[in-house]
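Each chain, written out:
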Amino acid sequence: MTVFTYKPFYRFIYRYGNLPVTIIILIYMLPAIVTYRYEIGQSAYLMLLSVMLIYVNKLYLRLYKILPLQIAIDDEKIVCSHFFKNDKKIILHFSDIIELKGGVFIGKSKGLMQVGGEKTTIGFFHHLTHVNIFITALLHNAPLEVYKQVDEKIKSRLER
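An account of the accompanying structure is given in this report.

### With respect to the packing of helix α2 (residues 18-34) against helix α3 (residues 40-66)
Two elements in contact, α2 and α3, have axes whose closest approach is 10 Å; the angle formed by their N-to-C orientations is 160 degrees. Considering their axes alone, α2 and α3 lie roughly antiparallel with respect to each other. For the element pair α2 and α3, the recorded crossing hand is left-handed. Contacts between α2 and α3 pair N18, V21, T22, I25, L26, Y28, M29, A32 and I33 from the former with Q42, Y45, L46, L49, S50, M52, L53, V56, N57, Y60 and Y64 from the latter. Grouping the amino acids of the contact of α2 with α3 by side-chain chemistry returns 15 nonpolar, five polar and no charged.

This is the structure in structure tokens:
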């Protein structure tokens with residue numbers, strides 16, 4: 001079984017990166033709330049900060065659900081562990097994969113890549129150690145129809 005993980009810096013960012021951003025946004029919001037005078041500019045400023053706060057935390061809540069910090073693969077399955085809640089473990093058989101999307105699977109060089117099964121979806125970023133080996137194993141073992149969908153997009157990226 002081959003195990004893929006993230007380096008400690010990325011592990012920290014993917015697990016706790018929203019905390020410093022949230023604190024900074026709240027620091028900017030606090031004086032605006034304390035000195036609020038019902039002006040349009042100040043209301044727009046607070047609204048913008050609120051939207052940023054909601055967006056960042058919504059993004060991280062989504063990542064907490066689908067991003068394992070450790071992925072192990074063998075010839076027939078992917079075992080994902082070390083989610084935000086450490087007791088969670090997902091086993092996804094290669095035959096159960098119905099879609100590959102994001103990142104290299106849609107022709108981009110970076111970004112969140114997702115492996116979708118019938119009941120679960122897992123995600124990973126290109127910062128995963130030996131990510132090329134993982135992607136190759138994923139494409140090699142994925143069902144043929146899933147591979148054909150992704151193959152066209154990967155080839156179009158290589159031709160650019």
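That shown, we press on.
### Description of the environment of V146
Within the secondary structure layout, V146 lies in helix α5 (residues 144-159). Among the residues examined, V146 registers a relative accessible area of 3% and is labelled buried. A C-alpha to C-alpha distance of 20 Å links V146 and I66, two positions 80 residues apart in sequence.

### Quick notes on the environment of D151
Inspection of the secondary structure puts D151 in helix α5. Sequence separation of D151 and I106 is 45 residues, and the distance between their C-alpha atoms is 9.2 Å.

### Focus: the pairing of strand β3 (residues 77-81)
Counted residue by residue, β3 has five buried out of five residues, so it is predominantly covered. Of the two faces of β3, the one holding K77, V79 and S81 and the one holding I78 and C80 are both buried throughout. Where strand β2 (residues 70-73) folds back on β3, the antiparallel hairpin that results is connected by three residues. As judged from the five bridges shared by β3 and strand β4 (residues 89-93), these two strands associate in the antiparallel manner.

### Some details on the sheet that holds strand β5 (residues 99-101)
Working definition: the strands of a sheet are paired by backbone hydrogen bonds and lie parallel or antiparallel to each other. Strand order in this open sheet of three strands is β5-β6-β7, and the pairing throughout is antiparallel. A single partner strand is all that each edge strand has here, and the edge strands are β5 and β7 (121-124). The sheet shows a mean angle of 15 degrees between the axes of neighbouring strands, direction not considered. On the sheet, helix α4 (residues 131-141) packs against β5, β6 (113-116) and β7 and is oriented at approximately 150 degrees with respect to β7.

### A short note on the nonpolar core
I78, I97, L100, F105, F124 and L138 are the most contacted members of the largest nonpolar core, which has 35 residues in total. Counting only elements with at least two residues in this core, the list comes to α3, β2, β3, β4, β6, β7, α4 and α5. Ranked by the residues each element gives to this core, the list is headed by α4, at six residues. Among all residues touching I78, those that are not within four sequence positions of it are I71, A72, I73, I90, I91, L92, F94, I97, I122 and L138. Counting residues in hydrophobic clusters, the runner-up holds six residues, among them I25, M29, A32 and L46.

Quick notes on the rules
- Residues numbered from 1 in each chain as written.
- Predicted model: local features only at pLDDT ≥ 70, side-chain atom pairs only at ≥ 80, totals over all residues.
- Heavy atoms only, no water.
- Axes fitted to C-alpha atoms, helices over the stretch in contact; angles between N-to-C directions.
- Helix = DSSP H or I, 4+ residues; strand = E, 2+ residues; numbered from the N terminus.
- Parallel < 35°, antiparallel > 145°, perpendicular 65-115°, else oblique.
- Left-handed = near helix turned anticlockwise from the far one by under 90°.
- Contact = heavy atoms within 4.5 Å.
- Nonpolar A, V, L, I, M, F, W, Y, C, P; charged D, E, K, R; others polar.
- Buried < 20%, exposed > 50% of the residue type's maximum accessible area, 1.4 Å probe, protein only.
- Pairing = 2+ DSSP bridges.
- Core = buried A, V, L, I, M, F, W, Y, C linked by side-chain atoms within 4.5 Å.

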